[in-house]
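Coordinate analysis (summary)
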Amino acid sequence: MYFAEYMKKLRKDKLLTQSEMADILGISSQAIKMIENGSTKFPSKAVLDKLSDYLDKFPVAVASAIIFGEDDYEEDEQGYLSCRYLSYKYINGWNLDGVPIELQYRTESVLFSGKISKRREPKNTSIIIEFSEFVGSDADDLTVDGAYDILATIMTIVAQNEESFRRVEVLFDINDYHDINAFDMLENLKIYRLPTDLIIVLFEPNTGALCKEVNMEK
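Residues numbered from 1 in each chain as written. Predicted model: local features only at pLDDT ≥ 70, side-chain atom pairs only at ≥ 80, totals over all residues. Heavy atoms only, no water.

This brings us to the pairing of strand S2 (residues 101-105). Going residue by residue along S2, you find Ile-101, Leu-103 and Tyr-105 tucked away on one face and Glu-102 and Gln-104 left uncovered on the opposite face. With five bridges connecting them, S2 and strand S3 (residues 108-112) associate as antiparallel partners. Counterpart to Glu-102 in the pairing with S3 is Leu-111. Here S2 hands over to S3 after two residues, with Arg-106 in that stretch at a positive phi of 60°. (Buried < 20%, exposed > 50% of the residue type's maximum accessible area, 1.4 Å probe, protein only. Helix = DSSP H or I, 4+ residues; strand = E, 2+ residues; numbered from the N terminus. Pairing = 2+ DSSP bridges.)

This paragraph deals with the nonpolar core. In this structure, Phe-112, Phe-131, Val-170, Phe-172, Leu-198 and Ile-200 are the most contacted members of the largest nonpolar core, which totals 33 residues. Of all elements in the fold, only S2, S3, strand S5 (121-130), helix H7 (144-159), strand S6 (167-173), helix H8 (177-186) and strand S7 (197-204) reach the threshold of two or more residues within this core. Per element, the largest residue contribution to this core is seven residues, and it comes from H7. The residues contacting Phe-131, other than those within four sequence positions of it, are Leu-142, Ala-147, Ile-150, Leu-151, Val-170, Leu-171, Phe-172, Ala-182 and Leu-186. Among the nonpolar cores identified, the runner-up in size contains 21 residues, and Leu-25, Ile-35, Val-62 and Ala-65 belong to it. (Core = buried A, V, L, I, M, F, W, Y, C linked by side-chain atoms within 4.5 Å. Contact = heavy atoms within 4.5 Å.)

Here we come to the side chain of Ser-52. Relative to the helices and strands, Ser-52 is located in helix H4 (residues 45-55). Given a relative accessible area of 2%, Ser-52 falls into the buried group. Among the polar contacts made by the side chain of Ser-52, one reaches the main-chain carbonyl oxygen of Leu-48 at a distance of 2.8 Å. In this structure, Ser-52 is in contact with Lys-57, Phe-58, Pro-59 and Val-62, ignoring residues within four places of it in sequence. (Polar contact = N/O pair within 3.5 Å; in protein donor to acceptor, adjacent residues only side chain to side chain.)

Right, let's get into the environment of Phe-42. With respect to the element layout, Phe-42 can be found in the loop between helix H3 (29-36) and H4. The spacing of Phe-42 and Ile-66 is 24 residues in sequence and 7.4 Å in space, taken between C-alpha atoms. Those residues in contact with Phe-42 that lie beyond four places of it in its chain are Met-1, Phe-3, Ala-63, Ile-66, Ile-67, Tyr-90 and Ile-91.

Regarding H4, the residues found buried are Val-47, Leu-48, Leu-51, Ser-52 and Leu-55. Taken around the axis of H4, the buried residues stretch over an arc of 135°, which confines them to a single face. More than 90 degrees from the buried face of H4, the exposed residues found are Lys-45 and Asp-53. Summarising the contacts, the buried residues of H4 are in contact with helix H1 (3-13), helix H2 (18-25), helix H5 (59-68) and helix H6 (80-91). Looking one or two places after H4, you find Asp-56, whose phi comes out positive at around 55°. (Arc of directions from axis to C-beta.)

Turning to the packing of aromatic side chains, a few remarks are in order. Scanning the entire structure with this criterion turns up six aromatic pairs. Seen in terms of ring centroids, Phe-42 and Tyr-90 are 4.6 Å apart; in terms of plane orientation they differ by 70°. Their pairing is edge-to-face. Taken together, the residues span a long stretch of sequence, with Phe-42 in the loop between H3 and H4 and Tyr-90 in helix H6 at a distance of 48 residues. For the pair formed by Phe-42 and Tyr-90, the shared burial category is buried. Seen in terms of ring centroids, Phe-131 and Phe-172 are 4.7 Å apart; in terms of plane orientation they differ by 25°. Their pairing is stacked. Of this pair, Phe-131 sits in the loop between S5 and H7 while Phe-172 sits in strand S6, and the two are 41 residues apart along the sequence. Neither residue differs from the other here; Phe-131 and Phe-172 are each classed as buried. (Phe/Tyr/Trp six-rings, centres within 6.5 Å; stacked < 30°, edge-to-face > 60°.)

No statement about biological role is implied by the geometric values presented.
Written out as structure tokens, the structure is:
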């Protein structure tokens, strides 16, 4: 978390005192001091909303900067979708337990975007991966069978890992034509006898909007 650094830089860039910043956010000067000395790791929803309004940014963008640092992924970078989706999940009550996380598959390590758990429900865990990570240069020629095989590969990697997860969430970017095409291919398919829930997620990373999610289990 980079809340302290984020707020100190913001305040200096805007030429604000701690008292003025506190007034903008509707909190006390002591609360600002606790943020800037690192005691407060993440803003409450009310503070996040006021901070977002002040900056004229979506809450997911502010949360992303606080969680991953001011210089988080650019919009066209690999990882941007995951960064924003993990921030969205954190805002909505999930802990980030490992970002990123490696899973062993045969003799190799496969990097997943992150492992998360529901707050106050430590056994309610999920692992996150971007669909595009497995597509590569074949995106233009992807078929239904090819998209299905990618999901099967992801599930095989997760199933063979020692750690168990309640669900696997596979991310698709609604701003990416190839992702939309793949999501459309998959959303009406059903898969039998999955070892864990498999959720495909269509997400808008710029605004933090969950567009659609589908449980793939029959």
